[in-house]
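Observations on chain architecture
Residue-level listing of the chains:
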Amino acid sequence: MAGPELTLIAPAYNEAPNIRPLYEAVLKVLEPAGISFELLFIDDGSRDGTDAEIALLVAADPRVRYARFSRNFGHEAASSCGFRLARGQAVVLIDADLQDPPEVILELHQRWREGYEVVHARRRQRHGETWLKRASAYLFYRGFNRMVERAIPADVGDFRLVDRRVVDHFNALPERNRFVRGMFSWLGFRQTVVEFDRQRRQRGVTKYNYSKLLWLSLDALTSFSAAPLRACMAFGLAITLFSFLIAGTIIFQRLFFDLAVPGYALATSGIFLLGGIQLIFLGVIGEYIGKIYTQVQGRPLYIVAGSSDDLPPAPTKETADPSPESHPPGRS
Ligand code: UDP
Ligand code: MG
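The structure contained in this document is the topic of the report that follows. (Residues numbered from 1 in each chain as written. Chains lettered and ligands numbered in written order. Predicted model: local features only at pLDDT ≥ 70, side-chain atom pairs only at ≥ 80, totals over all residues. Heavy atoms only, no water.)

1. Some words on the overall build of the protein
Formally: For helices the rule is a DSSP run of H or I covering at least 4 residues; for strands it is a run of E covering at least 2, with both sets numbered from the N terminus onward. A radius of gyration in this sense is built from C-alpha atoms; the matching globule rule multiplies 2.2 Å by the number of residues raised to 0.38. Each residue is assigned to one of three classes by its accessible area relative to the maximum for its type, calculated with a 1.4 Å probe on protein chains only: buried under 20%, partly exposed between the two thresholds, exposed over 50%. Any pair of residues with heavy atoms lying within 4.5 Å of one another is described as a contacting pair. Surface accessibility follows the Shrake-Rupley procedure with a 1.4 Å probe radius. Residue values consider only the protein chains on display as shielding. Only four residue types enter the tally: Lys and Arg on the positive side, Asp and Glu on the negative side; His and the chain ends are excluded. Taken as the charge centre is NZ of Lys, CZ of Arg, CG of Asp or CD of Glu, depending on the residue.
Counting secondary structure elements, the protein contains ten helices and eight strands. In terms of overall dimensions, the protein is more spread out than a globule: its C-alpha atoms have a radius of gyration of 26 Å, far above the 20 Å expected for 332 residues. Its C-alpha atoms give the protein principal-axis dimensions of roughly 105 × 40 × 35 Å. Classification of the 332 residues of the protein by burial places 40% in the buried group. For the protein, contacts bridging at least 24 residues in sequence account for 82% of all contacts bridging at least 6. Per element, the accessible surface of the protein, about 18200 Å² overall, is 62% carbon and sulfur. Treating the 39 positive side-chain charges of the protein as one cloud and the 36 negative ones as another, the clouds have centres 6 Å apart.

2. Observations regarding the pattern of salt bridges
Our working definition: The salt bridge definition used is simple: a Lys or Arg side-chain nitrogen within 4 Å of an Asp or Glu carboxyl oxygen.
Summed over the entire model, instances satisfying the criterion amount to 20 salt bridges. With a closest N to O distance of 3.0 Å, Arg63 and Glu31 form a salt bridge. With a gap of 32 residues between them, Arg63 in the loop between helix 2 (50-60) and strand 3 (64-69) and Glu31 in helix 1 (residues 16-33) connect regions that are remote in the sequence. As a salt-bridge pair, Arg198 and Asp100 come within 2.8 Å of each other at their nearest N and O atoms. Of this pair, Arg198 sits in strand 7 (residues 191-198) while Asp100 is found in the loop between strand 4 (90-93) and helix 4 (104-113), placing the two residues 98 residues apart along the sequence.

3. Let's talk about the site of ligand 1
Our working definition: One heavy atom within 4 Å of a molecule or strand makes the whole residue count as near it. Think of a polar contact as two N or O atoms within 3.5 Å of one another; within protein, one of them needs to be a possible hydrogen donor and the other a possible acceptor, and neighboring residues in sequence only count if both atoms come from side chains. For this classification, the nonpolar set comprises Ala, Val, Leu, Ile, Met, Phe, Trp, Tyr, Cys and Pro, the charged set comprises Asp, Glu, Lys and Arg, and every other residue, Gly included, is treated as polar.
Lining the immediate surroundings of ligand 1 are 18 residues, of which Glu15, Asp44, Asp97, Thr206 and Lys207 lie closest. In this structure, an oxygen atom belonging to ligand 1 sits 2.6 Å away from a side-chain N or O atom of Asp97. Between Arg198 and ligand 1, the recorded distance is 2.6 Å, taken from a side-chain N or O atom to an oxygen atom. Notes on ligand 1: free accessible area 530 Å², of which the protein chains cover 94%. Among the residues making up the shell around ligand 1, the classes are represented as five nonpolar, five polar and eight charged.

4. Observations concerning the coordination of the magnesium ion (ligand 2)
For clarity, the cut-off: Only nitrogen, oxygen and sulfur atoms qualify as donors, provided they sit within 2.8 Å of the metal or within 3.2 Å for Na, K and Ca; with water excluded from the atoms, sites may seem incomplete.
Taken together, the protein donors to the magnesium ion (ligand 2) comprise Asp97 (OD) and Gln99 (OE1), at separations of 1.9 Å. Of the two residues examined, Asp97 and Gln99, each falls in the buried class.

5. Structural notes on the side chain of Asp95
Relative to the elements of secondary structure, Asp95 occurs in the loop between strand 4 and helix 4. Residue Asp95 is classed as buried on the basis of its relative accessible area of 17%. Non-local contacts of Asp95, meaning those with residues more than four positions away in its chain, are made with Leu22, His75, Asp100 and Arg198.

6. Structural notes on the packing of aromatic side chains
To keep things clear, this is the line we draw: Ring geometry is summarised as follows: Phe, Tyr and Trp rings, the Trp one being its six-membered ring, pair when their centres sit within 6.5 Å, and such pairs are stacked at plane angles under 30 degrees, edge-to-face over 60 and tilted between the two. Two conditions define a charge sitting above a ring: the NZ of Lys or the CZ of Arg must be within 6 Å of the ring centre, and it must be within 35 degrees of the ring normal.
The full count for this structure, using the stated rule, is eleven aromatic pairs. With 4.6 Å between their ring centres and 15 degrees between their planes, Phe170 and Phe184 make a pair best called stacked. Of this pair, Phe170 sits in helix 6 (residues 164-172) while Phe184 is found in helix 7 (residues 180-187), placing the two residues 14 residues apart along the sequence. Taking the relative accessible area as the measure of exposure, Phe184 reaches 0% and is therefore buried. A connected cluster of aromatic rings, assembled from ring pairs, spans Phe140, Tyr141, Phe179 and Phe224. Arg71 extends its terminal NZ or CZ atom over the ring of Phe73, reaching a point 3.8 Å from the ring centre.

7. A short note on the nonpolar core
What counts here: We define a nonpolar core as any set of buried Ala, Val, Leu, Ile, Met, Phe, Trp, Tyr and Cys residues linked to one another through side-chain atoms lying within 4.5 Å.
Grouped together as the largest cluster of nonpolar side chains are 35 residues, with contacts concentrated most on Leu6, Leu30, Phe41, Leu108 and Phe159. Per-element accounting of this core gives the leading share, seven residues, to helix 1. Grouped together as the second largest cluster of nonpolar side chains are 34 residues, Phe73, Ala77, Val162 and Tyr302 included.

8. Describing a nonpolar patch on the surface
Condition: Patch membership is restricted to residues that have no salt bridge and whose relative accessible area is over 30%. Joining uses 9 Å for like charges and 5 Å for the nonpolar side chains Val, Leu, Ile, Met, Phe, Trp and Tyr.
On the surface, a cluster of nonpolar side chains totalling about 470 Å² of accessible area is made up of Leu229, Leu279, Leu282, Ile285 and Ile289. With respect to the helices and strands, Ile285 occurs in helix 10 (residues 264-297). Residue Ile285 is classed as partly exposed on the basis of its relative accessible area, which comes to 39%.

9. A closer look at the side chain of Asp163
Mapping Asp163 onto the fold places it in strand 6 (residues 156-163). If we skip the residues at most four places from it in the chain, Asp163 touches Gln89, Ala90, Trp112 and Glu117.

10. A few points about helix 10
We apply this condition: For a helix, the expected span equals 1.5 Å multiplied by the residue count minus one.
Taking 1.5 Å of rise per residue, 34 residues should cover 50 Å, and helix 10 covers 48 Å from first to last C-alpha, within 8% of that figure. Ile277, Val284, Tyr288 and Lys291 are the residues of helix 10 that are buried. Residues of helix 10 that are buried in the fold lie against helix 8 (210-224) and helix 9 (227-256). Where helix 10 ends, the next residue or the one after it, Gly298, has phi of about 65 degrees, a positive value.

11. As for the environment of Leu216
Inspection of the secondary structure assignment puts Leu216 in helix 8. Sequence separation between Leu216 and Phe179 is 37 residues, and the spatial gap between their C-alpha atoms is 8.6 Å.

12. Here's the deal with unusual backbone geometry
Of note in this structure, Leu98 is not a glycine but carries a positive phi near 65 degrees. By the element assignment, Leu98 lies in the loop between strand 4 and helix 4. You can call Leu98 buried: its relative accessible area is 13%. Positive phi outside glycine occurs at Phe189, with the angle close to 70 degrees.

Now the structure itself:
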């Protein structure tokens, strides 16, 4: 059986008040356009009744599907799960908080029809985000792209459309540490970008604070590039050369001028400096070893605790029967 034209994946972590508005907004855009779709919620271990909100939609509309994680595994794991479960000929990854306006899906769809296999949505404006967030995002994209083999388009987030062929390749990638947007850039195929204004979050709160974002970008960088290791080596080399220079100077002064060099301050601060640098570099190496470790452990990316596929098929419009007995057990 061929799937719908589009699968929309919406990872949701404590987004209860956003679930129905997202569904309604999607319906308003896609139904008039005559695009067949399924809306796939990945409940990333929410504890605020997100699952109940999703269950209501699942019971009412067979186009809504969901999977529920056993705990919070993070956005990257949730989207990886979504790509695996998606049945559409193209897949759109969208935030559940309506910051990615559903109208943009039509543009993504249009470019896909023109033959592009990956269509990224680039934020032209970011409403309701602090300058610090914007500045750090700017720096991250510029820095990341200097260090990796394939750049990701600047200011592109997770909102994108991906053709079935590319989705299948994505699902076959073996890494546990999944920086999804980087992986799609890496995969290649015909890619393009459409622009949109990122909306303010209407309800609920952001799940990403600055320290989480910082670790996320470190993770992303070390998953895609060995440049930090090389930078360590280059720095170590420079310091070694510098120490030769100092040694040469001291010997020279000893031999020809007989100066007693008062080197106490230099020696102590040098020891601390080098000790600090070594610890940082060990940390960098440790970061990569940690990645190897989690990869070798080979644990699954996420644990699905329940999904709409476990339920009996939802009533379609034709077979829907309003009498209460006809409702399958376990669904309401
Ligand atoms: N999200 C998730 N798991 C997490 C954190 C976030 O599935 O651990 C979802 C969240 O529900 C939302 C999307 O990822 O749909 C983007 O998160 P958020 O809006 O908090 O990030 P921001 O837009 O502020 O960068
Ligand atoms: Mg958001």
